[in-house]
2 protein chains.
Amino acid sequence: MLGSAVQFSAQSSSAFLMRHTDPDYSAAYVVLETDAEDGLQGCGLTFTLGRGTEVVVCAVNALAHHVLHKDLGDIVGNFRGFYRELTSDGQLRWIGPEKGVVHLATAAILNAVWDLWAKREGKPLWKLLVDMDPRMLLSCIDFRYITDVLTEEDALEILQNGQVGKKEREDQMLTQGYPAYTTSCAWLGYSDDLLKQLCTAALEDGWTRFKVKVGADLEDDIRRCRLIRAMIGPEKILMMDANQRWEVPEAVERMSQLAEFKPLWIEEPTSPDDILGHAAISKALVPLGIGVATGEQCHNRVIFKQLLQANAVQFLQIDSCRLGSVNEILSVLLMAKKFGIPVCPHAGGVGLCELVQHLIIFDYISVSASLDNRMCEYVDHLHEHFKYPVQIKQASYVPPKDAGYSSEMKEDSVRKHQYPDGEVWQKLLAAQEN
Amino acid sequence: MLGSAVQFSAQSSSAFLMRHTDPDYSAAYVVLETDAEDGLQGCGLTFTLGRGTEVVVCAVNALAHHVLHKDLGDIVGNFRGFYRELTSDGQLRWIGPEKGVVHLATAAILNAVWDLWAKREGKPLWKLLVDMDPRMLLSCIDFRYITDVLTEEDALEILQNGQVGKKEREDQMLTQGYPAYTTSCAWLGYSDDLLKQLCTAALEDGWTRFKVKVGADLEDDIRRCRLIRAMIGPEKILMMDANQRWEVPEAVERMSQLAEFKPLWIEEPTSPDDILGHAAISKALVPLGIGVATGEQCHNRVIFKQLLQANAVQFLQIDSCRLGSVNEILSVLLMAKKFGIPVCPHAGGVGLCELVQHLIIFDYISVSASLDNRMCEYVDHLHEHFKYPVQIKQASYVPPKDAGYSSEMKEDSVRKHQYPDGEVWQKLLAAQEN
């Protein structure tokens, strides 16, 4: 198996005014080529915000020797061992472990392995997972550091219970899709007019769940939340997202002032590392009927384990490119099931919707068996660069039918956006020089 | 101010058989040059284990634009703002935040800034800190995400209390030094004969505190702990270090079986991310009289805050190159003081002893005002590469007298060990080819 890393970078869009100001949506993109006659490629990525993508690519190259010249069958035949090899590389472990740049790079590589495996099996990834024997699924998971909460026996029991009614849930997904919510209407910095216009269009398209960004100016938050709640009416679901802006006491105070708009959750109220902080916020907001959600920047299963142990969240938000790919995400889905906490994945960015839909559809069919309080984020952006883009119908994700992890980009997009040689970049860089 | 990054890599030594098997002690080394007539350079580093150093160097380069062409006075005049600028770079924050590769790179850059500042002031760093007005010290700290435990007012009160008796403690440090312990005697993989020989020599040199590595084979641990306890006698202090080898329940079980050797602490019993795991282990080991220590791989002040909130540790181990330099370490020293938990720094590696001695001497003189249960790690290795190497007398760190942070390497060492062009590497690489 041969690996190569390229840096894809989409142009920044003025539509993206987030907590992370001035992002330039990018990705470190990994392509695995093999000497098999089928000519299949495994394509994996991790999302980035622009500068720093080269650091992740550098880490991919530092890890590449673990995957080069390996046989796919050997890798997936001992997937737990391979995961451990990548995450416990004797020298690289020091600059993690299992967090930040090296873990993002690990995710990109493992996403490519899963894409290749699913393509070899001729199935979309969600279906590969749904059809897989529970013991085989378990053999992909590294239980290290979580056995105090989830043993292999616990996990097996959960997966075996998940077999009951599986066929019906799969049929249900194929006909109805997985419920989504939209983040496209209410980013910070949008004018009230634009917000109204986008809400109107979203309502016409059948959206019933909306997320609004908050956390800068309180008066501005109140005005915008009032406006969106008036637009969508009292019955539809509203979530709020603070993108880590607040201190712990500040989060409680601010959300008390936004409670009248009946948010289902406040997302990322504070530092993603602050488990006990989230627990304190959660405890204070329960009487107001507001849940706490976090996860898109929680760096590994040990953090998720503690969020669950500490009753710190009412909603867990996994990210398909920050955790160590399907292997680590499986352990989080299983822990969430054990604690009865719904998983509502983070998406958007570059390709995150494409990937995470597979995971949450599998979660419903084989693990959670419930749609209560569950939904998957959707942002309508950059899908045109993907060979198998997401399909949304009636505000739901339609289960992908093509083999793989939907992570393959169009050749043309990669060529044009590759940094710094792609033509998009060449034009930008030339314009800067003039 | 100009910045340049070079990768220093010392040769691996067979003396270093750690949890991180096969390490090749290295560092990402940053030199800041200015256009001032004094010709002073700021030298900073972060320790690494070999592969992956190039990833950290890549991150240093990604952050370099924040420091290039800046004025030192402007940086330290708003040091909190500068720290925030580095750690909240709109695009780079996504691949952290404040953890892993980008935070190690931030540490290397900020260590160089502190070295330059101390050199400009003509003082060793510890003395710069001791003489600094408390309000000026506070202006270096980013209190973001820790105000629920330590406000600026709390911190000011601690520092003002620390002024009392400061002169006496400074004199005491200058005459007696700061107590150290040795990790050089009992690494995993040492033969019993070598262990006896090193213990004998250390006892002759006046060492009274010893650390032994444990966690592989239980029978082996028992034999080695028995041997070293017999060598040092019942009164001297013994610590144990498991380098993250165990699950939470396993840590309790294993330490119950090693309790008879009366360790003061068990260090890194499990994942450095597992705050609640350390709390559970700590609770279980209190009746056995064994404390829990961790910190060398805890990635930022938010983790330290929670270790204190959760009563998860009896000893906090800061690292001079993993946290965001003096700025972030100040916040940890102040939180530890508030909770009454002793700080016992991690050292060894490349240059960690050189740097951390400044911090712990400042801690004693201006913050903790106590030596109870306090000591700083010492490993006798690689000091010959530093221009101002540590001095140990009677098992204590002698306060450095030279201006700066003791982080400057000898030009000759950098030239010879720079990867991949240095002559040491050229010889190694040529030998590999033959």
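Residues numbered from 1 in each chain as written. Chains lettered and ligands numbered in written order. Predicted model: local features only at pLDDT ≥ 70, side-chain atom pairs only at ≥ 80, totals over all residues. Heavy atoms only, no water.

You'll find chain A entered in an unreviewed UniProt entry as Mitochondrial enolase superfamily member 1, with Fukomys damarensis given as the organism. Per UniProt, the comment on chain A under Sequence similarities (unreviewed entry) is "Belongs to the mandelate racemase/muconate lactonizing enzyme family. ENOSF1 subfamily." Listed in UniProt under the heading Catalytic activity (unreviewed entry), the comment for chain A reads: "L-fuconate = 2-dehydro-3-deoxy-L-fuconate + H2O". (UniProt positions renumbered as here; feature names shortened; annotations may be inferred.)

**Student:** What is the right way to look at the pairing of strand S8 (residues 291–294) of chain B in this model?
**Tutor:** Within a regular beta strand, the side chains point alternately toward one face of the sheet and then the other, so they alternate between its two faces. All names here are of chain B. Here S8 shows no split at all, with Gly291 and Ala293 on one side and Val292 and Thr294 on the other all buried. Pairing geometry for strand S7 (residues 263–267) and S8, over three bridges, is parallel. Across the sheet, the residue bridging to Ile266 is Val292, located in S8. With respect to chirality, the unit in which S7 leads through helix H12 (residues 275–285) into the neighbouring parallel S8 is right-handed. Here S8 runs beside strand S9 (residues 315–316); their pairing, made up of two bridges, is parallel. Of the residues in S9, the one forming a bridge with Thr294 is Leu316. Taken together, S8, helix H13 (residues 301–309) and S9 constitute a β-α-β crossover, and its handedness is right-handed. (Buried < 20%, exposed > 50% of the residue type's maximum accessible area, 1.4 Å probe, protein only. Helix = DSSP H or I, 4+ residues; strand = E, 2+ residues; numbered from the N terminus. Pairing = 2+ DSSP bridges. Right-handed = clockwise from strand over helix to strand, strands pointing away.)

**Student:** Help me out: how do you make sense of the domain arrangement of chain A in this one?
**Tutor:** Accessible area lost when the parts come together is the quantity often used to give the size of an interface. Residue and element names in this part refer to chain A. Each assigned domain of chain A is listed with its residue range as follows: domain 1 (2–133) and domain 2 (160–411). Placing a centre on the C-alpha atoms of domain 1 and another on those of domain 2 gives a separation of 23 Å. Each partner contributes to the interface: domain 1 provides 39 residues, whereas domain 2 provides 48 residues. Summed over both sides, the interface between domain 1 and domain 2 buries roughly 3,900 Å², with carbon and sulfur atoms accounting for 65% of that surface. One can count three salt bridges joining domain 1 with domain 2. Along the contact surface separating domain 1 from domain 2 lie 20 residue pairs in polar contact (both at pLDDT 80 or more). At the level of secondary structure, the elements contributing two or more residues to the side of domain 1 that touches domain 2 comprise strand S2 (26–33), strand S3 (41–48), helix H3 (79–87), helix H4 (100–121) and helix H5 (125–131). If you tally residues by element for the side of domain 1 that touches domain 2, the top one is H4, at nine residues. Classifying every residue of the side of domain 1 that touches domain 2 by side-chain character gives 25 nonpolar, seven polar and seven charged. (Domains from an automatic or database assignment. Contact = heavy atoms within 4.5 Å. Buried area = accessible area lost by both parts, 1.4 Å probe. Salt bridge = Lys/Arg side-chain N within 4 Å of Asp/Glu carboxyl O. Polar contact = N/O pair within 3.5 Å; in protein donor to acceptor, adjacent residues only side chain to side chain. Nonpolar A, V, L, I, M, F, W, Y, C, P; charged D, E, K, R; others polar.)

**Student:** For this particular structure, what's the right way to read the relation of the copies chain B and chain A?
**Tutor:** Two chain copies, one operation linking them: a rotation about an axis together with a shift along it. For the pair chain B and chain A, the best superposition has an RMSD of 0.0 Å and corresponds to a rotation of 180° with a translation of 0.0 Å parallel to the axis. Interpreted geometrically, this transformation is the action of a two-fold axis. When each C-alpha of chain B is compared by its distance to the rotation axis, B:Gly100 comes out closest, at 2.5 Å. When the interface residues of chain B are mapped onto chain A, 100% of them are again interface residues, pointing to one common binding face. (Least-squares fit on C-alpha atoms with pLDDT ≥ 70 in both.)

**Student:** For this particular structure, what's the right way to read the nonpolar core?
**Tutor:** Most often, soluble globular proteins have nonpolar side chains that are buried together. In terms of nonpolar packing, the biggest core is built from 287 residues, with A:Trp114 and B:Trp114 touching the most fellow members. In contact with A:Trp114, other than residues within four places in its own chain, are A:Phe79, A:Leu125, A:Leu128, A:Leu129, A:Met132, A:Cys140, A:Ser325, A:Val326, A:Asn327 and A:Tyr405. By size, the runner-up hydrophobic cluster in this structure holds eight residues, among which are B:Tyr181, B:Met239, B:Leu264 and B:Ala293. (Core = buried A, V, L, I, M, F, W, Y, C linked by side-chain atoms within 4.5 Å.)

**Student:** Got a minute to help me understand the packing of aromatic side chains in this structure?
**Tutor:** Aromatic rings in a pair are described by how distant their centres are and how their planes are angled relative to each other. Summed over the entire model, instances satisfying the criterion amount to 22 aromatic pairs over all chains. Ring centres of B:Tyr25 and B:Phe47 lie 4.9 Å apart, and the angle between their planes is 75°; on these two criteria the pair is classed as edge-to-face. Of this pair, B:Tyr25 sits in the loop between strand S1 (2–9) and strand S2 (26–33) while B:Phe47 sits in strand S3 (residues 41–48), and the two are 22 residues apart along the sequence. In this structure, B:Tyr25 and B:Phe47 share a single accessibility class: buried. Plain terms: the ring middles of B:Tyr181 and B:Trp265 are 5.6 Å apart, the flat faces sit at 80° to each other, and that makes the pair edge-to-face. Taken together, the residues B:Tyr181 in strand S4 (residues 178–186) and B:Trp265 in strand S7 connect sequence positions 84 residues apart. Residue B:Tyr181 shares its accessibility class with B:Trp265, and that shared class is buried. An aromatic cluster of three or more residues is present, and its members are A:Phe79, A:Phe82, A:Trp114 and A:Trp117. (Phe/Tyr/Trp six-rings, centres within 6.5 Å; stacked < 30°, edge-to-face > 60°.)

**Student:** Sorry, what's going on with the side chain of A:Asp273 here?
**Tutor:** Note on placement: A:Asp273 falls in the loop between strand S7 (263–267) and helix H12 (275–285). Judged by relative accessible area, which is 2%, A:Asp273 ranks as buried. A polar side-chain atom of A:Asp273 sits 3.3 Å from a polar atom in the side chain of B:His299. In this view, A:Asp273 contacts A:His299, B:Pro97, B:Lys99, B:His299, B:Asn300, B:Val302, B:Ile303 and B:Gln306; residues no more than four positions away in its chain are not counted.

**Student:** Please clarify how the packing of helix H7 (residues 152–161) of chain B against helix H14 (residues 325–339) of chain B should be interpreted in this entry.
**Tutor:** In a pair of packed helices, the angle between the axes and the distance between the axes together describe the arrangement. Residues and elements named next belong to chain B. Interhelical geometry of H7 versus H14 gives an angle of 80° and a closest axis separation of 10 Å. Classed by the angle they form, the pair H7 and H14 counts as roughly perpendicular. Across the interface between the two elements, Asp154, Ala155, Ile158 and Leu159 of H7 pack against Leu334, Lys337 and Lys338 of H14. Split into classes, the residues belonging to the contact of H7 with H14 amount to four nonpolar, no polar and three charged. (Axes fitted to C-alpha atoms, helices over the stretch in contact; angles between N-to-C directions. Parallel < 35°, antiparallel > 145°, perpendicular 65-115°, else oblique.)

**Student:** Is there a simple way to explain the pairing of S2(A) in this structure?
**Tutor:** Residue and element names in this part refer to chain A. For S2, the tally of buried residues reaches seven of eight residues, placing the bulk of the element in the interior. By the bridge criterion, eight bridges tie S2 to S3 in an arrangement that is antiparallel. Looking at the pairing, Val31 lines up with Cys43 of S3.

**Student:** Please explain the interface of chain B and chain A as it appears in this structure.
**Tutor:** Tallying the contact residues gives 63 residues for chain B and 63 residues for chain A. When the area that chain B buries against chain A is broken down by residue, the three leading residues are B:Arg51, B:Gln91 and B:Trp94, summing to 19%. The interface formed by chain B and chain A holds six salt bridges in total. Linking A:Asp274 and B:Lys305 is a salt bridge whose minimum nitrogen-to-oxygen distance equals 2.5 Å. One can count 34 residue pairs in polar contact (both at pLDDT 80 or more) joining chain B with chain A. Counting residues per element, the ones that place at least two in the side of chain B that touches chain A are S3, helix H1 (53–63), helix H4 (100–121), helix H11 (248–258), H12 and H13 of chain B. Per element, the largest residue contribution to the side of chain B that touches chain A is six residues, and it comes from H1(B). A breakdown of the residues in the side of chain B that touches chain A according to their chemical character gives 26 nonpolar, 20 polar and 17 charged.

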